[in-house]
Amino acid sequence: MGTAKFIYAGAAAIGMLASPAFAADDMTGMITKIDRLNNTISIQQMQKGTVGGSAGGAGTLQEYKTKDAGMLEAVHAGDRVTYSATATDGTGTLTKLQKQ
């Protein structure tokens, strides 16, 4: 059982690093969780309309750290946002967060 958890965790980490959520372009999503004590936020990325995909459908759920706590003050769970993120030491860090 422990080996399966280890493999799953490794696959999740690789998937996060390969995710389009770390692209340089602005993305849109919905905030699902905010942890102001740890300066983290979870965002459900909204997929763009693509061939074979459902336009506006829910995409991947990512958790990001913020550079400063002030980024989290103007948003709440359920808000739709545009955001940008970078990968730093294997962890996503928000560089921009704007409520729609």
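Calculation notes
- Residues numbered from 1 in each chain as written.
- Predicted model: local features only at pLDDT ≥ 70, side-chain atom pairs only at ≥ 80, totals over all residues.
- Heavy atoms only, no water.
- Helix = DSSP H or I, 4+ residues; strand = E, 2+ residues; numbered from the N terminus.
- Buried < 20%, exposed > 50% of the residue type's maximum accessible area, 1.4 Å probe, protein only.
- Contact = heavy atoms within 4.5 Å.
- Areas by Shrake-Rupley, 256 points an atom, 1.4 Å probe, with all protein chains shown as cover.
- Salt bridge = Lys/Arg side-chain N within 4 Å of Asp/Glu carboxyl O.

### What about the overall build of the protein chain?
Working step 1: Per the secondary structure count, the protein chain includes one helix and five strands.
Working step 2: Along the protein chain, helices (α) and strands (β) appear in the sequence α-β-β-β-β-β when read from the amino end.
Working step 3: Burial statistics for the protein chain: of 100 residues in total, 32% are counted as buried.
Working step 4: In the protein chain, 53% of the contacts between residues at least 6 apart in sequence involve partners at least 24 apart.
Working step 5: Roughly 6,200 Å² of accessible area belongs to the protein chain as shown, and the carbon and sulfur atoms make up 58% of that amount.

### Regarding the pattern of salt bridges
Working step 1: One pass over the full model with this rule turns up two salt bridges.
Working step 2: Residue Lys96 pairs with Asp26 through a salt bridge whose shortest N-O separation is 2.5 Å. Placement of Lys96 in strand 5 (residues 91-99) and of Asp26 in the loop between helix 1 (2-18) and strand 1 (27-35) is noted, with a sequence separation of 70 residues between them.

### Looking at the environment of Gly29
Working step 1: With respect to the helices, strands and loops of the structure, Gly29 is situated in strand 1.
Working step 2: A residue is classified by how much of its surface remains accessible, and Gly29, at 2% relative accessible area, is buried.
Working step 3: Excluding anything up to four places from it in sequence, Gly29 contacts Ile43, Gln44, Gln45, Met46, Asp79, Arg80, Val81 and Tyr83.

### Examining the environment of Gln100
Working step 1: Its place among the elements puts Gln100 in the segment after strand 5.
Working step 2: By relative accessible area, Gln100 is classed as exposed at 55%.
Working step 3: Remark: the alpha-carbon pair of Gln100 and Val81, spanning 19 residues in sequence, is separated by 5.1 Å.
Working step 4: Beyond its immediate chain neighbours, meaning those up to four positions away, Gln100 contacts Thr28, Arg80, Val81 and Thr82.

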